[in-house]
Amino acid sequence: MKGVSDLLILLPVLLSVAAAIAAFKMKDDKQRHKLTAAAVIANSVIAVATALSRPGACVTVMNISDRLSLSFAVDEISVFFIVLVSLIWCFVQFHAFGYMVHEGKEAQFFGFFLLLYASLIMLAMAANAVTMYMCFELMTLCSMPLVLHSGTAVSRSAAFKYLGYSTLGAALALMGFFLLYNGCASMDFVPGGVQLTGDRDLLLTAAFLTSVGFGCKAGMVPLQMWLTEAHPVAPSPASAVLSGLITKGGVIAIIRSVFYLFGAEFIQGTWVQSAVLVLSVITIFMGSMLALREKLLKKRLAYSTISNVSYVIFGLFTFTAAGFTGALLQVVFHALAKDVLFLAAGSVIFATGYTKVDELKGVGRRMPVTMWCFAVAALSLIGIPPAGGFAAKWYLAIGALENGAMLNTVGVVVLMVSALLTAFYLLPIVADAFFPGKDFVPEERIMEVPAKMLVPLIVFCVLIIVLGILPSGMSGCFDALAGKLI
C-alpha cells in the first residue's frame with residue numbers, strides 16, 4: 001500500500017531517536033562512538049536513498065483540524081537539504097569523536113547530536129506551515145544543549161540568548177502564519193504559492209514577519225546576535241553544524257514560506273522585497289566589518305557566518321532564476337567552507353589551546369594539513385576560483401543585475417566589498433600561520449591532530465574544489481527548480 005510504504009520516509013528519524021536514547025544511556029565512549037557512527041551513516045544512506053527513490057511520497061502523522069495536519073513529504077527542496085545535511089553530518093561526527101575527548105560529557109553531546117540530525121531531516125520534509133514551525137522549534141530545542149554543553153556561566157548565558165532570539169524569531173514567523181491562515185485556502189506547501197484571497201496589505205505584513213522571523217536563525221539583522229554568543233562557547237563540531245546547517249534551517253523555512261506559501265509573484269515588486277533586500281545587504285556589510293575587528297577566532301568566524309548567509313537571502317529576494325540558483329549554490333559552498341573553518345579552529349584548539357587570531361602565528365608549520373584546509377575554505381568564502389564560492393557569487397551577481405533595479409545594484413557592490421573584507425579577515429590568518437617571520441621558533445609540543453579529525457576537512461575541501469570546477473550539475477538542477485517557483 002502506498003500510504004504504508006510512504007512511512008519509510010520517517011524511518012531515519014525514528015532510528016536516529018532510538019540511537020540518541022541509547023547514546024544517552026551508554027557508559028563506554030568507544031561503544032557510543034561506534035553506535036553514533038553506525039546510526040548516522042545508516043540513517044544518512046536510508047534518508048538519501050528514500051528521498052531520491054520516493055519523490056512525491058507523503059505521510060500524515062496526525063490531523064489537527066480540517067485544515068491543519070502534521071504531515072511530511074518529499075520534493076526537490078527536501079532532497080536537496082537531506083543530501084546536504086546527511087553528507088556533512090557523516091563527516092563532522094568523525095571529527096567530533098576526536099575533539100570531544102577535549103570537551104568531555106560525550107553522552108550528552110552525541111545524544112543531542114543525533115536528535116538534532118533527526119529534527120533537521122523532519123524540517124526538510126515538512127509538508128505544510130504548521131509542521132515546519134513545529135520542526136523549526138524542535139531544531140532549536142535540540143541544538144541549544146550543544147551550546148550549553150560546557151555548563152559554564154558564559155555558556156549558560158549564550159545558550160539562553162540563543163533560545164531567546166530563536167523563540168522571538170519563531171514567534172514573529174508564527175504571527176505571520178496566523179495572519180496568513182485566514183487569507184488562504186490551505187497551509188500546505190505548493191510550488192509557486194497557494195491561492196491567496198485575503199487582504200493584500202495584511203498578507204504582505206505576514207510575508208514580512210515570516211521572512212524576518214525565520215531570518216533570525218539565518219543570522220539576518222536585527223535578530224542575528226545569537227550567532228556571536230553561541231559559536232565561541234559551543235564545542236567546535238557543534239559550531240560547525242550551527243554555522244553550516246542550523247543557519248540553513250532558517251533559509252529553508254524562508255524558501256518554503258516565500259516560494260511555497262505566498263509565492264514569488266505576490267511579493268515581487270512590493271515593500272516586502274525591498275525591506276528584506278535592505279536588511280540582507282546591511283547584514284552582509286555589518287557582519288564583514290565586525291569580523292574584521294574581532295580577535296577571537298571562532299567569534300570572527302561567527303561574524304563571517306552572519307555576513308555570508310545573508311548572501312543567500314539576498315539572492316532569493318532578487319526573484320530571478322540566476323539569483324535563486326546562486327542562493328542555493330551559496331548554501332552548499334558556505335556550508336562546506338564554514339564547516340572546514342570551524343573544524344580547523346577546533347583542531348587548533350585541540351592541539352594548542354589557542355583561541356585568538358594573534359596566537360596562530362607559525363601554527364601552519366606544525367599543523368600544515370589543518371591550515372591548508374583552512375586556506376582552501378577561506379578562498380571559497382572570498383570567491384576566488386576554482387573554489388566553489390566563486391560560482392555562487394557569480395550567479396548571485398548575475399541574478400541581481402538582471403532587472404537593473406538600483407537596490408540590486410547596490411547589493412552587488414556590497415557583495416564585492418564584503419568579499420574584499422573577507423580576504424582581509426581570513427587571509428592574514430593563513431599568512432601568519434605559514435610565514436610567521438624568520439625569527440619564529442615553533443613549539444615542539446604542537447603537532448597535527450589525528451587522522452579521524454583531518455579526514456572531514458580534506459573531504460570537504462575536495463568537494464569545494466571539484467564542485468567549484470564542475471558546478472553545472474548542481475546549477476542545472478537549481479535552474480530547473482527556479483523555473484517552477486519563479
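Structural data are supplied above this passage.
If you're wondering where the values come from, they're calculated on a predicted model, not measured in any experiment. Along every chain, residues carry numbers that run from 1 in the direction the sequence is written. Local features in this predicted model are restricted to residues whose pLDDT is 70 or higher, and side-chain atom pairs enter the listing and the counts only when it is 80 or higher, whereas totals over whole chains, interfaces and linings include all residues. Remark: hydrogens and water are excluded; side-chain values derive from all non-hydrogen atoms of the structure.

### With respect to the environment of Leu209
In step 1: With respect to the element layout, Leu209 can be found in helix H8 (residues 200-215).
In step 2: When the C-alpha positions of Leu209 and Ala230 are compared, they lie 24 Å apart, and in sequence the two are 21 residues distant. Secondary structure counts use DSSP, requiring at least four H or I residues in a row for a helix and at least two E residues in a row for a strand, with both numbered from the N terminus.

### Things to note about the side chain of Thr305
In step 1: By secondary structure assignment, the location of Thr305 is in helix H13 (residues 297-316).
In step 2: Buried residues are those whose accessible area, probed at 1.4 Å on protein chains only, stays under 20% of the maximum for their type, while exposed residues exceed 50% and partly exposed ones sit between those limits. You can call Thr305 buried: its relative accessible area is 0%.
In step 3: Residue contacts are counted whenever heavy atoms from the two residues lie within 4.5 Å of one another. Not counting residues within four places of it along the chain, the set of residues in contact with Thr305 comprises Leu227, Ser243, Thr247, His334, Lys338 and Phe342.

### Quick notes on the side chain of Ser69
In step 1: Structurally, Ser69 can be placed in strand S2 (residues 69-73).
In step 2: Engagement of the side chain of Ser69 in a polar contact is seen with the side chain of Ser71, the distance being 2.7 Å.
In step 3: Not counting the four nearest positions on each side in its chain, Ser69 is found in contact with Thr60, Met62, Asn63, Ile64, Asn128, Val130 and Thr131. Polar contact is defined as a pair of N or O atoms within 3.5 Å, subject to the rule that within protein one atom must be able to donate a hydrogen and the other to accept it, and that residues adjacent in sequence are counted only when both atoms are side-chain atoms.

### With respect to the packing of aromatic side chains
In step 1: Between the rings of Phe, Tyr and Trp (Trp by its six-membered ring), a pair exists once the centres lie within 6.5 Å; its type follows the angle of the planes, with under 30 degrees stacked, over 60 edge-to-face, and the other angles tilted. In total, this model carries 20 aromatic pairs according to the counting rule given.
In step 2: Where Phe110 meets Phe113, the ring centres are 6.2 Å apart and the plane angle is 80°; that geometry is what we call edge-to-face. Highlighted residues: Phe110 and Phe113, both in helix H5 (residues 106-125), separated by three residues, approximately one helical turn. You'll find Phe110 and Phe113 in the same group, each marked buried.
In step 3: Judged by centre distance (5.9 Å) and plane angle (55°), the rings of Phe177 and Phe214 are tilted. Placement of Phe177 in helix H7 (residues 153-181) and of Phe214 in helix H8 is noted, with a sequence separation of 37 residues between them. Both residues of the pair, Phe177 and Phe214, count as buried.
In step 4: In this structure an aromatic cluster arises from ring pairing among Trp89, Phe94, Phe97, Phe109, Phe110, Phe113 and Tyr117.

### Re the packing of helix H2 (residues 11-25) against H5
In step 1: One can describe the packing of H2 onto H5 by two numbers: an axis separation of 8 Å at closest approach and a directional angle of 170°. Judged by the angle between their axes, H2 and H5 are roughly antiparallel. Mapping the contact onto sequence places Val13, Ser16, Val17, Ala19, Ala20, Ala23 and Phe24 in H2 and Ala107, Gln108, Phe110, Gly111, Phe112, Leu114, Leu115, Tyr117, Ala118, Ile121 and Met122 in H5.
In step 2: Looking at the contact of H2 with H5 residue by residue, the classes come out as 15 nonpolar, three polar and no charged. Each axis is a line fitted through C-alpha atoms, and for a helix only the stretch in contact is used; angles between axes span 0 to 180 degrees, taken between their N-to-C directions. Comment on the angle field: the value is read as roughly parallel under 35 degrees, roughly antiparallel over 145, roughly perpendicular from 65 to 115, and oblique elsewhere. In the scheme used here, Gly and all other residues not listed as nonpolar or charged are polar, with Ala, Val, Leu, Ile, Met, Phe, Trp, Tyr, Cys and Pro taken as nonpolar and Asp, Glu, Lys and Arg as charged.

### Overview of helix H19 (residues 451-469)
In step 1: The span expected for a helix works out to 1.5 Å for each residue beyond the first. The terminal C-alpha atoms of H19 lie 27 Å apart, and with 19 residues this matches the ideal 27 Å at 1.5 Å per residue to within 8%.
In step 2: Of all the residues in H19, the buried ones are Met453, Leu454, Pro456, Leu457, Phe460, Cys461, Ile464 and Gly468. Within H19, the buried residues cover an arc of 160° as seen down the axis, which keeps them to one side. Every exposed residue of H19 that faces more than 90 degrees away from the buried side is listed here: Ala451 and Ile469.
In step 3: In this fold, the buried residues of H19 make contact with helix H4 (76-103), helix H14 (321-352) and helix H16 (368-382). The directions considered for the arc are those from the helix axis to the C-beta atoms.

### Description of unusual backbone geometry
In step 1: The residue after Val221, namely Pro222, is reached through a cis peptide bond having omega 15°.
In step 2: Residue position: Pro222 is located in the loop between H8 and helix H9 (226-233).
In step 3: The step from Pro385 to Pro386 runs through a cis peptide bond, and the omega angle for that step is 10°.
In step 4: For Pro386, the position within the fold is in the loop between H16 and helix H17 (389-401).
In step 5: Positioned with a positive phi, Phe319 is a non-glycine residue whose angle comes to about 55°.
In step 6: Here Phe319 is to be found in the loop between H13 and H14.

### Examining the packing of H14 against helix H20 (residues 472-485)
In step 1: Running from N to C, H14 and H20 point in directions that differ by 130°, and their axes come no closer than 8 Å. The angle between H14 and H20 places the two elements in the oblique class. As H14 runs across H20, the sense of the crossing is right-handed. Across from Ala321, Phe324, Thr325, Leu328, Leu329, Val332 and Phe333 in H14, the residues of H20 making contact are Met474, Ser475, Phe478, Asp479, Leu481, Ala482 and Leu485.
In step 2: Considering only residue class, the contact of H14 with H20 consists of 11 nonpolar, two polar and one charged. Each crossing gets its hand from how the near helix is turned against the far one by less than a right angle, where anticlockwise is left-handed and clockwise is right-handed.

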